[in-house]
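Okay, here's what each chain looks like letter by letter:
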Amino acid sequence: MAAWLRCLILISVLSWTTDHVRAQGIQASENPIPVGKNVTLFSENQVTTGAWLFNNQLVVIIFPGGVVIAANSTGRVVYNSTTSALTVMSLKLGDSGTYTFQDVGSSASQLVLSVQEPISGVTMTANGTDLVEFNDTVTLTCAVVTGTSLSFTWLNDTATVTPGEYVHISDDGSQLTIAKVKRYDEGPIKCNVTNGISQGISSSVLFNISYGPTAAAVSVVPPMHTHITGSNITLSCLAESKPPATIQWMLDGVNLNHFGVQLELPMVAENHSGDYQCLLHNSVTSRFSSTSAMIRIMAPITAVMVNHTGGVAVAQEPFTLNCQVNGEVEIIQWWMNDDPVSADDTTIFDADNRTLTLNPAQPSDAGQYKCQAFNAVSNMTSSPYILEVYYGPNTPVITAPSVALIGNQVLLNCSSISHPPSMYSWRFNETEVANTAEYLAGPLAFNMNGTYTCIAFNNVTGRNSTAYHMLTVLAPVSMASITAASAHPILNNTFSLTCETEGNVESITWQQNGAPLYEDGTTNLSLNNDTLTFEPVLMSHNGNFTCEASNPLSSLTSENYTLNVIYGPGVPNVTLPIVTLEGSSVTLGCSALSYPSSQYMWFFNGTPVANTSVYLTPALNTNMSGTYTCEAHNTITGNNSSADTMLTVLEKIKYVHIEVPVHPPVEGYSYMMMCNVSGPADQVAWRVNGQPLITDDRIAMSVDNRTVTFNELHRNDSGLYHCWAINLAQHMLSPPHMLLVNFGPETPMVYGPSMAVEGQSVNFSCSAVSLPDSHFTWWHNDTKVANSSLFVSAPLTLNMSGKYTCMARNPVSGMNSTSVLMLQVLEAIKSVMLENNTIPIDGDNFTLTCEVDGHYTSIQWRKGGMHLTENWSTTNHSHYFIRENRLHFLPLTRADDGMYVCVASNPVGLHESPPYDLLVNYGPLSVTISGPELAKEDLTISITCVADSRPESEYQWFMNDMPSSAFAFGSIIQIPLLESNYTCKARNPVTNITMSKTKSLGLIGSASALHSQPHKFLVIISVFIMSVPVLVH
């Protein structure tokens, strides 16, 4: 059985099921696509056993080693076995349908292809254009001459028409029906027809739609609710109507026999008021409408005046104002001092505001009153009415002193609130002394003490009012002085001060240091405050004392009396060092609280040594340690007081230094330091880097602190150490000792690449924390290769991969430490080249291969410096995909021209191929013949044939459609002037495609006319060219 037949049976049995169909996986070079073009269907996968189907009918069967194309597809279908692509040529409408690509043992992929005919000749018709709004229905029909898979869109101007209650679209969108048309349906209406490959739009139609009248309205100029008599008024009637409506005017239902949009009312009077109506009629729609406007006309106000009822306005009595107006009034407003007047508890208006009553009148109601009258067309304000409110007198106010000195004069003043101003009279003890507002009394005597009375009287209101004032006459204070009862104010004894005065004294006050003095537990005052007694005198009573004697009109303050309290001496305060060094002198100071100051004596072990408060000793020795006593004496109190102090004289410290062992200090081991002191030291202290040394479980000190032991040294124990020797009189610091703890090395830090290519050198460096600095060695797989921290390798070979070890060693501690770095030596990429094994021809499949000599991990492709993606690409008319180290073009197009490179990369770098200049061979795509051109020498002609082709085409010339033998070769031929059809055949030697073009040359006149020279020229200028293209592939 043939292999293709076995494949067909296998496909039918195993794989022909729609349950495993995928909607993706096939791509078309164009979809939808016009009739007559070629289409290529691409698959993402290459198939060795399977089939292409169209509408479930076999087109191509694929089996290992070959393919079979169905008989009915032969000549129209091309299968590419390299890419599994299927090309269908010269498409027909019947080629639309489902294309399936089946891979045996896997799922199938499908694509629905749409072959369409371009649209042409779009027209639109309507069953009427003159329409009445809400009455008529119109139907529009859209048709095309050619086109398939049509989609219709209706447009009203630029807006898309959508179906609705009165809009219906039928017949697959080609018919539009608008029921009960509206004015907004006028258009222009157009029909737009599209399919996947083309579109067309019809000419537009405009409807003449009659409507209205609607939205009728009357406008009034000027626009007022009420018009003043004598005005000119214009009324306008407007409505939406097509054609325009006729208009008729009426007043209060009576026909005015006036027609037109406007109605003029000149110099109106009040009898022109009423309801104005306009009636509208559209003769085409036969519809009516009406609207109206109310006009009111009024005369203006001519006079406004304010008057009053009764006599003058008196406070606390009612008073009424009236507003008199000539003309029709709608509103009356009252004003006081240009502010509006509102009703309240004392301000009352009648029903129409014509009367204003003040009940009762108040002084604050005085002012200018006006009334303002309003109607719809005018307003007028009265002249001001000035209202005076009479009141008073209120209770008088007397301003005068209540006390005065004997022999002085006093002015008494009386005032009362009153309008008009009051009249006044003064009385003293029921006797009138003055009849004016002011009364000057004096010179004063003691018998002028008493009550003074003022009486105020208003001669308009008939009212009076009275006030009273009390005056007291006094003598001034003439003396104040302080005297003491005893000689000395001694602390804790009783002491008194007395304030002596002359004149009328009503009060005495005491001050200490300028502040008022009050009684307390130790300070007492006599009944009239003239004696101050201290029981007893305290230190707080020290200071300056004054007493002040006063009455309401005069006062006098005594001179200062200075009180110094006598006391002491208290226990002396002794200042001196308690310890000092032999050979030095010290100063002993003694002071005791005392007034007056004490006298002093110094004693050493009971023997007097000085009679001053300060005692400077001679140079001291250890025998001069002992008790020093200071005694203080007050000569007034007769009291003594003493104090003792001890002085100790010590021997000096000679030197202090730190001793350490011979072996060096190493981290992790024990270490000891000793403080050696010469002289008396009560205490030893240690410091490191200027701070106290802290002991813990690791650092210990001996009982006397002279020895420090590090049980286990740490590197941070390094530092500058001192020890202090201390007694009560002296401390001495040792010279510094620098402790440097040797440590390390810690685990080294190694630096270098983990990968490199053979032939290059690499640098490795190593460092480790250590004191002193470590010595370094490098090892490769247990072989020493360097004795320094930096190792530069020789040019690498593949066997130099492996473990590189750095060892650091401390020369003092003898310790060492290592770190390892792994190096992989990779094979170098020696070359990268682009290769191909076929000629690049437009429309054929083409592959570029990236050949790499050496190890690589990835390949990238670039065109013109731009990166190419690895997935399918159909951009810029280019169809390619990338698999492993190959770039496939399915098929190749002229858009694929360009400079291509491939870049191979591994972990250590990129390697780029030399550029490959891809020039796609194509054509010929078109052939043109130009000429003829006349040759001057022999009167022959030349014609030129040019074809669009790469490489340049080869040319053959044929005469009179005789293809059996060519009579000339090349792009340009020179021939005699003969009437004939000349055919140029262009052939591309690479693509093997040919294309022809024929040109006819004709003559005017007969051949015999060419025997004479003038006739030859006539024939030449009579040559004409007519080109008839004939394409042959």
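Residues numbered from 1 in each chain as written. Predicted model: local features only at pLDDT ≥ 70, side-chain atom pairs only at ≥ 80, totals over all residues. Heavy atoms only, no water.

Undergrad: Which residues make up the state of the cysteines, and what values go with them?
TA: A complete count under the given rule lists 10 disulfides for this structure. Across the disulfide from Cys-237 sits Cys-278; the S-S distance is 2.1 Å. On the sign convention where negative is left-handed, the bridge of Cys-237 and Cys-278, at about 50 degrees about the S-S bond, is right-handed. With a gap of 41 residues between them, Cys-237 in strand 24 (residues 233–242) and Cys-278 in strand 28 (residues 274–282) connect regions that are remote in the sequence. (Disulfide = S-S within 2.5 Å. Helix = DSSP H or I, 4+ residues; strand = E, 2+ residues; numbered from the N terminus.)

Undergrad: Tell me about the environment of Leu-890, residues and numbers included.
TA: Following the sequence through the fold, Leu-890 ends up in the loop between strand 88 (886–889) and strand 89 (898–906). Each C-alpha atom of the pair Leu-890 and Ser-29 lies 9.9 Å from the other, and the pair is 861 residues apart in sequence.

Undergrad: Give a description of the environment of Arg-883 that names residues and reports values.
TA: Along the chain, Arg-883 turns up in strand 87 (residues 880–883). Among the residues examined, Arg-883 registers a relative accessible area of 40% and is labelled partly exposed. Spatially, the C-alpha atom of Arg-883 lies 24 Å from that of Val-908, the residues being 25 residues apart in sequence. (Buried < 20%, exposed > 50% of the residue type's maximum accessible area, 1.4 Å probe, protein only.)

Undergrad: Help me get a handle on the sheet that holds strand 83 (residues 831–835), residues and values and all.
TA: Across the sheet, 4 strands lie side by side as 83-84-88-87; this open sheet has antiparallel pairing. Pairing within the sheet leaves two strands with one partner each, and these edge strands are strand 83 and strand 87. The sheet shows a mean angle of 15 degrees between the axes of neighbouring strands, direction not considered. Across 4 bridges, the pairing between strand 87 and strand 88 is antiparallel. Each bridged residue has a counterpart across the sheet, and for Tyr-880 the counterpart in strand 88 is Phe-889. (Pairing = 2+ DSSP bridges. Axes fitted to C-alpha atoms, helices over the stretch in contact; angles between N-to-C directions.)

Undergrad: Residue-level account of the packing of aromatic side chains, with values.
TA: Enumeration according to the criterion identifies 18 aromatic pairs in this entry. Taking 6.4 Å as the distance between ring centres and 35 degrees as the angle between the ring planes, the aromatic pair formed by Trp-426 and Tyr-439 counts as tilted. Here Tyr-439 lies in strand 46 (residues 438–441) and Trp-426 lies in strand 44 (residues 423–428), a separation of 13 residues in the sequence. Here Trp-426 falls in the buried class, since its relative accessible area comes to 0%. With centroids separated by 6.3 Å and ring planes inclined at 35 degrees, the aromatic side chains of Trp-778 and Phe-791 adopt a geometry described as tilted. Of this pair, Trp-778 sits in strand 78 (residues 775–780) while Phe-791 sits in strand 80 (residues 790–792); the two residues are 13 residues apart in sequence, bridging distant segments of the chain. Residue Trp-778 shares its accessibility class with Phe-791, and that shared class is buried. An aromatic cluster is present here, built from Trp-426, Phe-428, Tyr-439 and Tyr-452 joined pairwise through their rings. Above the ring of Tyr-922, the side-chain terminus of Arg-894 is found at 4.7 Å from the ring centroid. (Phe/Tyr/Trp six-rings, centres within 6.5 Å; stacked < 30°, edge-to-face > 60°. Lys NZ or Arg CZ within 6 Å of the ring centre and 35° of its normal.)

Undergrad: Please set out the pattern of salt bridges residue by residue, giving values where relevant.
TA: It is possible for side chains bearing opposite charge to pair when their charged atoms get close. Inspection of the entire model under this criterion finds 17 salt bridges. Among the ionic pairs, Glu-133 bridges to Arg-183, the shortest N-O distance being 3.1 Å. A residue pair is termed long-range when its members are at least 10 positions apart, and Glu-133 in the loop between strand 14 (130–132) and strand 15 (138–143) and Arg-183 in the loop between strand 19 (175–178) and strand 20 (189–194) qualify at 50 residues. No difference in accessibility class separates Glu-133 from Arg-183, as the two residues are buried. Its salt-bridge partner being Asp-897, residue Arg-950 comes within 2.9 Å of it at the nearest N-O pair. In this pair, Arg-950 is assigned in the loop between strand 93 (941–947) and strand 94 (954–959) and Asp-897 in the loop between strand 88 and strand 89, connecting sequence segments 53 residues apart. (Salt bridge = Lys/Arg side-chain N within 4 Å of Asp/Glu carboxyl O.)

Undergrad: Go over the sheet that holds strand 77 (residues 763–767), please, and point to the residues and values.
TA: Pairing in this open sheet of 3 strands is antiparallel, and the strands run 75-77-80 from one edge to the other. Edge positions in the sheet fall to strand 75 (749–751) and strand 80, since each of these pairs with one other strand and no more. Between one strand axis and the next, the sheet turns by 15 degrees as a mean value, whatever way the strands run. The pairing of strand 77 with strand 80 spans 3 bridges and is classified as antiparallel. Directly across from Ser-765, in strand 80, lies its bridge partner Leu-790.

Undergrad: Which residues make up the pairing of strand 67 (residues 671–678), and what are the values?
TA: Only one face of strand 67 is covered, namely the face carrying Tyr-671, Met-673, Cys-675 and Val-677; the face carrying Met-672, Met-674, Asn-676 and Ser-678 is uncovered. The pairing of strand 66 (residues 655–659) with strand 67 spans 5 bridges and is classified as antiparallel. Paired with Ile-658 across the two strands is Cys-675, which belongs to strand 67. One ladder, built from 4 bridges, connects strand 67 with strand 71 (residues 707–710); its direction is antiparallel. Counterpart to Met-672 in the pairing with strand 71 is Thr-709.

Undergrad: Please set out the side chain of Asp-365 residue by residue, giving values where relevant.
TA: In this structure, Asp-365 sits in the loop between strand 36 (355–358) and strand 37 (367–374). For the buried residue Asp-365, which engages in no salt bridge, the nearest side chain bearing the opposite charge is Arg-463, 13 Å off. Polar contacts involving the side chain of Asp-365 include one to the main-chain amide nitrogen of Gln-362, which spans 2.8 Å. If we ignore the near neighbours within four places in the chain, the residues touching Asp-365 are Met-336, Leu-358, Pro-360, Leu-387 and Val-389. (Lys, Arg positive; Asp, Glu negative; His and termini not counted. Polar contact = N/O pair within 3.5 Å; in protein donor to acceptor, adjacent residues only side chain to side chain. Contact = heavy atoms within 4.5 Å.)

Undergrad: Go over the confidence of the model for the protein, please, and point to the residues and values.
TA: Here the protein shows a mean pLDDT of 87. Residues at 70 or above account for 93%. Every residue in residues 1–19 is under pLDDT 50, and counting partners more than four places away or in other chains gives 28 contacts. (pLDDT = per-residue confidence, 0-100.)

Undergrad: I'd like a description of the nonpolar core, backed by residues and values.
TA: The biggest cluster of nonpolar side chains holds 22 residues, and the ones touching the most others in it are Leu-321, Trp-334 and Leu-387. Mapped onto this core, the elements with two or more residues apiece are strand 30 (303–309), strand 32 (319–326), strand 33 (331–336), strand 36, strand 37 and strand 39 (385–387). The leading source of residues in this core is strand 32, at 4 residues. With 21 residues, the next largest nonpolar core counts Val-832, Phe-889, Leu-892 and Tyr-916 among its residues. (Core = buried A, V, L, I, M, F, W, Y, C linked by side-chain atoms within 4.5 Å.)

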